[in-house]
Amino acid sequence: MVSAYNIPWVICTKYVLSNYFTTLELKDGGRMERLYPIPVQQETAQGEPTPAARILDWEREPENLKRHMLGRGYRMNEYLSGYIDLYDGEIGYQNYLFKRDELKTLVTAIEKDIDEGSYNKYYATSGQENLSETYYSNISMEYYNRDGQYDVWDYFYSYRRYHRESPVKEKTMSSTVFLTFGPECRHTIEALERMGVFESYRLETIEEYRLRTAYD
């Protein structure tokens, strides 16, 4: 096997559909590509070692999740700017702009949470949205990578193009990390607290936000 990859979930009417794509190298020097659609439901994503459960276990490995969340070449990322959007009932919302040194601290905290599995609930899931355990606020960070790297979503959706005999040469030197998180991401939250992010605002879950604003 030359390579294998799980293409992101596609939401269907009654279940989530994941496509598992793999490239096989044949003895005669040729290559064969196979794409396997895998239906995913809550019961098939846990418990018994179903294909869906095994894929989720692979995605939950810290290194794989870091590459997914922060970019395939995340170790060389130089974070330039970023913000977290904080919402308030009177003003509406406000963006807290991170300083460069704060971004370094924040990324370190994010990676610690990934290592401990705290982000699994928000990224390596069966597609079930838990409104009471996911914050309405999101973290956005722009970075520069001097080695260049493939934009993670372009890589996902153009996987076959990247793995032909003459793969594309173009790489992006910069991109944006956009993160969803929740109460379990304690290192991330502690880092934000030390920055004074919550002095005037507090984090609220999607469910809390919708109840407070009567959003349906």
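Computed from a predicted model, the values in this text were never measured in an experiment.

Basis of the calculations
Residues numbered from 1 in each chain as written. Predicted model: local features only at pLDDT ≥ 70, side-chain atom pairs only at ≥ 80, totals over all residues. Heavy atoms only, no water. Helix = DSSP H or I, 4+ residues; strand = E, 2+ residues; numbered from the N terminus. Buried < 20%, exposed > 50% of the residue type's maximum accessible area, 1.4 Å probe, protein only. Contact = heavy atoms within 4.5 Å. Areas by Shrake-Rupley, 256 points an atom, 1.4 Å probe, with all protein chains shown as cover. Salt bridge = Lys/Arg side-chain N within 4 Å of Asp/Glu carboxyl O. Phe/Tyr/Trp six-rings, centres within 6.5 Å; stacked < 30°, edge-to-face > 60°. Axes fitted to C-alpha atoms, helices over the stretch in contact; angles between N-to-C directions. Parallel < 35°, antiparallel > 145°, perpendicular 65-115°, else oblique. Left-handed = near helix turned anticlockwise from the far one by under 90°. Nonpolar A, V, L, I, M, F, W, Y, C, P; charged D, E, K, R; others polar. Patch = residues over 30% accessible without salt bridge, like charges linked within 9 Å, V, L, I, M, F, W, Y side chains within 5 Å. pLDDT = per-residue confidence, 0-100.

**Some points on the overall build of the chain**
Step number 1: In terms of regular secondary structure, the chain is built from eight helices and seven strands.
Step number 2: Sorting the 216 residues of the chain into buried and exposed places 44% on the buried side.
Step number 3: For the chain, the proportion of contacts with a sequence separation of at least 24, taken over those separated by at least 6, is 63%.
Step number 4: Counting only carbon and sulfur atoms, one obtains 48% of the accessible surface of the chain, whose full area is about 12,700 Å².

**Some details on the pattern of salt bridges**
Step number 1: The final tally for this structure, using the stated rule, is seven salt bridges.
Step number 2: Here Lys121 ties to Glu133 by a salt bridge, and the two come within 2.3 Å at their closest N and O atoms. Placement of Lys121 in helix H4 (residues 120–123) and of Glu133 in the loop between H4 and strand E6 (138–149) is noted, with a sequence separation of twelve residues between them.
Step number 3: Given the relative accessible area of 30%, Lys121 is considered partly exposed.
Step number 4: Arg186 serves as the salt-bridge partner of Glu190, at 3.9 Å between the closest nitrogen and oxygen.

**Quick notes on the packing of aromatic side chains**
Step number 1: Scanning all chains against the criterion turns up five aromatic pairs.
Step number 2: An angle of 55° between the planes, with centres 6.3 Å apart, marks the rings of Tyr119 and Tyr123 as tilted. Residues Tyr119 and Tyr123 agree in their burial class; the two are buried.
Step number 3: Arranged with centres 5.2 Å apart and planes meeting at 70°, the rings of Tyr135 and Phe181 form a pair that is edge-to-face. In this pair, Tyr135 is assigned in the loop between H4 and E6 and Phe181 in the loop between strand E7 (172–180) and helix H7 (186–194), connecting sequence segments 46 residues apart. Each member of the pair, Tyr135 together with Phe181, is buried.

**Points about the packing of helix H2 (residues 62–70) against helix H3 (residues 100–115)**
Step number 1: Where H2 meets H3, the axes come as close as 9 Å, and the angle between the chain directions of the two elements is 140°. In terms of orientation, H2 lies oblique with respect to H3. Crossing hand, H2 versus H3: right-handed. Of the residues in H3, those touching H2 at Pro62, Leu65, Lys66, Met69 and Leu70 are Ile110, Glu111, Ile114 and Asp115.
Step number 2: Of the residues contributing to the contact of H2 with H3, the split by class is six nonpolar, no polar and three charged.

**Things to note about the packing of H3 against H7**
Geometrically, a packed helix pair is captured by the angle between its two axes and the distance between the axes.
Step number 1: Following both chains from N to C, one finds H3 and H7 inclined at 160°, their axes separated by 7 Å at the closest point. Here H3 is positioned roughly antiparallel relative to H7, judged by the angle of their axes. Judged by the twist between their axes, the crossing of H3 over H7 is right-handed. Of H7, the residues touching H3 (which contributes Thr105, Leu106, Ala109, Ile110, Lys112 and Asp113) are Arg186, His187, Thr188, Ala191, Leu192 and Arg194.
Step number 2: The residue makeup of the contact of H3 with H7, split by class, is five nonpolar, three polar and four charged.

**A closer look at a nonpolar patch on the surface**
Step number 1: Nonpolar side chains collect at one region of the surface, where Leu80, Tyr144 and Met173 lie side by side and expose about 240 Å² of accessible area between them.
Step number 2: On the basis of relative accessibility, which here comes to 34%, the residue Met173 falls in the partly exposed class.

**Looking at the confidence of the model for the chain**
Step number 1: Summing up the model confidence of the chain, the mean pLDDT is 76 and the portion of residues at 70 or higher is 68%.
Step number 2: When the elements of the chain are averaged for pLDDT, strand E1 (residues 3–11) gives the smallest value, 43, and H3 the largest, 97.
Step number 3: Low pLDDT, under 50, characterises residues 1–15; the predicted model gives this stretch 55 contacts beyond four residues in sequence or across chains.

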